[in-house]
Number of protein chains: 2
Amino acid sequence: MKLLNETVGKIEQIDFLLQAETQRRLDNLTKPQGSLGRLEDLAKQVVEITRVKKPLLTHKVVFVMAGDHGVTEEGVSAFPKEVTPQMVYNFLRGGAGINVLSQHVGARVVVADMGVAVDLTPSPELIVRKVGYGTKNMAKGPAMSREEAIKSIENGISIFETEFKKGIHLAATGEMGIGNTTPASAIVSVITGRTAADVTGKGTGIDDAGWAKKVAVIRKSIEVNKPDATDGLDVLSKVGGYEIGGLTGVILAAAARRVPVVVDGFISSSAALVACVIEPKVKDYLIASHVSVEQGHKVVWDYLGLKPVLDLGLRLGEGTGAALAMGIVDAGVKVLLEMSTFEAAGVSEKGAA
Amino acid sequence: MKLLNETVGKIEQIDFLLQAETQRRLDNLTKPQGSLGRLEDLAKQVVEITRVKKPLLTHKVVFVMAGDHGVTEEGVSAFPKEVTPQMVYNFLRGGAGINVLSQHVGARVVVADMGVAVDLTPSPELIVRKVGYGTKNMAKGPAMSREEAIKSIENGISIFETEFKKGIHLAATGEMGIGNTTPASAIVSVITGRTAADVTGKGTGIDDAGWAKKVAVIRKSIEVNKPDATDGLDVLSKVGGYEIGGLTGVILAAAARRVPVVVDGFISSSAALVACVIEPKVKDYLIASHVSVEQGHKVVWDYLGLKPVLDLGLRLGEGTGAALAMGIVDAGVKVLLEMSTFEAAGVSEKGAA
């Protein structure tokens, strides 16, 4: 609990006072004022978070955290559980969607086993910070103990810290865990106060009957465990997951280090929600990468008041939407850093003639 | 007219038969089927256009075409007319938004003077294919003759052809021309049948009174010239612009060469609309890069049945939104080319357990 408390204690309000100054610099660039829309907003947010007037985004890191879920025994997923370790190996070999898209935007991928149900073959590229061999079935009791929830978050923090020493200017979250849209939906339902049906989608591809069963399992998990919506650790322990806790840790650690975090899909957004319950100031460090076809994703963004950068009908997770959005954030910062001013370019300003 | 006719004659229907085959290949990749949404659609579209099963997008080119507009004497723009040549120099020095964003996505920028009102200082980087020194005031008569409209399109075609010899796998359109949202609105109003008010925005930043005046000028230009909505050359000559004609030429030439074209903002979309009137098969070669805050932009996409890739509140033009969208198209093609299959990665498929 010490590492978690220390990390949360370091999180400051972002510096809104830099907003007006950054906008003035943007307004001096050779374009009509405000004409680069969201790119300008993203550049301002990065300055406010980092407190660096000319921020560099050289080091971009996508944290992909994996874990298994006891609730899969209720039959909530279209894919078998062994896909979790298989996909971790795929990440390590560079063949997954997140590998392709991270390389596309110049980000490195950090892969961590936070609680896969089997022991994975060791690899120098694989970080192993297992809290357990999959969570327990949350439909029958808590997914994990409160101590395990803390440990999953602290493992996420220490993974971030290790990578931070190598350099991180922009972080992104991603995950893999067969069945993990189910705990994500439960977390989102509890914290936002929306019904299970409102925040439950079809995950990797179940049918209508599968969806109804999934909603029933989520509802039952909440009834059985009665998580306290105002206590992030209680929610995470009762209806969460180890990889979700790990991502909560990454998000808290990034905010403590003034690093902007691009949050990926629905599961990542549930981790962000837990982080915001633990420390509401975290919200301003977040960039909502995209809105997925998982219906609960929009619920989270609306609840947090965040506007997604992209809307591309994605529903893969892994950090794929976040990687794409990193490219847009990068573009916004490059506009701020690299465009000419009216004066330097000898271009007349509006109404100058 | 010969070059235009020959080019249009080469434009074939894209190969829809490749769609199912490409989707099968996408469905074999290690992700739930369809889970990369729009990225998968873009990859399929590139295959259907190029008829290459493993398309490369190594050479990306943004065509930025500049021209002046006689209608600016009606006071329709917030910026003075000398900004057109000033911004062309800015493009050549690499200080504009389009330079920064093209470099970000690995595209080269081709800058062409299609009809700027002054002679520009020669530069090896500047292509000069002037049709005239700015168009005439369309509120008083045709912006240009029919012969000039043909010439502007054919100049666009030959600029594309010269660049095509150096390699183009993905093209994008961009423009610069103070006052050019006014002819773009007129073109869009005529072709889509919507009122001038429906398709007129505030350009680079006029106020409400300026907007009302702009709408009145557009309405008057249409009344005075009575363009024939079914004749793209008639519309372009009466209420168009030289840079708009040049972009129409680029789009037609790209389609003739089976090169996908990412269409930028409102003005570029008006050029695409003219191209589609000349040859409706062109539509399937187009990728709608983004939807801008210019209200007529959405009208064009809806009319053509195209769904914009991005929605970032942009209203700069130059090709900036198209450059950003090129990055997303590139990502989609990389997914198709670089991701592992289930078999190669040893990952179980849905329902395999």
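Residues numbered from 1 in each chain as written. Chains lettered and ligands numbered in written order. Predicted model: local features only at pLDDT ≥ 70, side-chain atom pairs only at ≥ 80, totals over all residues. Heavy atoms only, no water.

Participant: Quick rundown of the overall build of chain A? Include the residues and the values.
Facilitator: Check the secondary structure of chain A and you find 14 helices and six strands. For chain A, whose C-alpha radius of gyration is 20 Å, the value lies close to the compact-globule estimate of 20 Å for 353 residues. Its C-alpha atoms put chain A at 70 × 40 × 40 Å along the principal axes. Per-residue burial over chain A gives 65% buried out of 353 residues. For chain A, contacts bridging at least 24 residues in sequence account for 76% of all contacts bridging at least 6. Approximately 11,900 Å² of chain A is accessible, and the part contributed by carbon and sulfur atoms is 52%. Chain A carries 39 positive and 40 negative side-chain charges, and their two centres are separated by 2 Å. (Helix = DSSP H or I, 4+ residues; strand = E, 2+ residues; numbered from the N terminus. Rg over C-alpha atoms; globule rule 2.2 N^0.38 Å. Buried < 20%, exposed > 50% of the residue type's maximum accessible area, 1.4 Å probe, protein only. Contact = heavy atoms within 4.5 Å. Areas by Shrake-Rupley, 256 points an atom, 1.4 Å probe, with all protein chains shown as cover. Lys, Arg positive; Asp, Glu negative; His and termini not counted. Charge placed at Lys NZ, Arg CZ, Asp CG, Glu CD.)

Participant: Report on the interface of chain B and chain A, specifying residues and quantitative values.
Facilitator: Each partner contributes to the interface: chain B provides 57 residues, whereas chain A provides 57 residues. Both sides together, the interface formed by chain B and chain A hides about 4,400 Å², and carbon and sulfur atoms give 64% of it. When the buried area of chain B at its contact with chain A is split by residue, His104, Leu312 and Lys350 of chain B rank highest and sum to 12% of it. In this assembly, chain B and chain A are joined by zero salt bridges. Elements with a contribution of two residues or more to the side of chain B that touches chain A: helix H3 (37-50), helix H4 (83-93), helix H5 (97-105), helix H14 (320-338) and helix H15 (342-345) of chain B. (Buried area = accessible area lost by both parts, 1.4 Å probe. Salt bridge = Lys/Arg side-chain N within 4 Å of Asp/Glu carboxyl O.)

Participant: So what's going on with the environment of Thr173 of chain A? Which residues, and what values?
Facilitator: All names here are of chain A. Among the structural elements, Thr173 can be located in strand S4 (residues 170-176). Counting along the chain gives 75 residues from Thr173 to Thr248, while the straight-line C-alpha distance between them is 9.3 Å. Discounting chain neighbours no more than four positions away, the residues touching Thr173 are Phe63, Leu247, Ile251, Val261, Val262, Val263, Asp264, Ser268, Gly319 and Ala322. A polar contact of 3.2 Å, which involves the side chain of Thr173, links it to the backbone nitrogen of Asp264. (Polar contact = N/O pair within 3.5 Å; in protein donor to acceptor, adjacent residues only side chain to side chain.)

Participant: Describe in detail H3 of chain B, supporting the description with residues and values.
Facilitator: In this model H3 of chain B runs 21 Å from its N-terminal to its C-terminal C-alpha over 14 residues, within 8% of the 20 Å that 1.5 Å per residue would give. Burial runs high along H3 of chain B: 13 of the 14 residues are buried. (Expected span 1.5 Å × (residues − 1).)

Participant: Tell me about the nonpolar core, residues and numbers included.
Facilitator: What tends to happen in soluble globular proteins is that the nonpolar side chains get buried as a cluster. Core analysis: the largest hydrophobic core is formed by 112 residues, its most contacted members being Leu39, Val262 and Leu324 of chain A together with Leu39, Val262 and Leu324 of chain B. Excluding its chain neighbours within four sequence positions, the residues that come into contact with Val262 of chain B are Leu170, Ala171, Ala172, Thr173, Ile287, Ser289, Ala322, Ala325, Met326 and Val329 of chain B. Val110, Val131, Val261 and Leu304 of chain B belong to the second-largest nonpolar core, a separate cluster that totals 73 residues. (Core = buried A, V, L, I, M, F, W, Y, C linked by side-chain atoms within 4.5 Å.)

Participant: An account of the relation of the copies chain B and chain A is requested, with residue identities and associated values reported.
Facilitator: Structural alignment of chain B on chain A gives an RMSD of 0.0 Å, achieved by rotating through 180 degrees and translating 0.0 Å along the axis. Here the two chains are linked by the operation of a two-fold rotation axis. In terms of C-alpha distance to the rotation axis, chain B has Leu310 of chain B as its closest residue, with the C-alpha 3.3 Å off the axis. A share of 100% of the interface residues of chain B reappears at the interface of chain A, consistent with the copies meeting face to face through the same patch. (Least-squares fit on C-alpha atoms with pLDDT ≥ 70 in both.)

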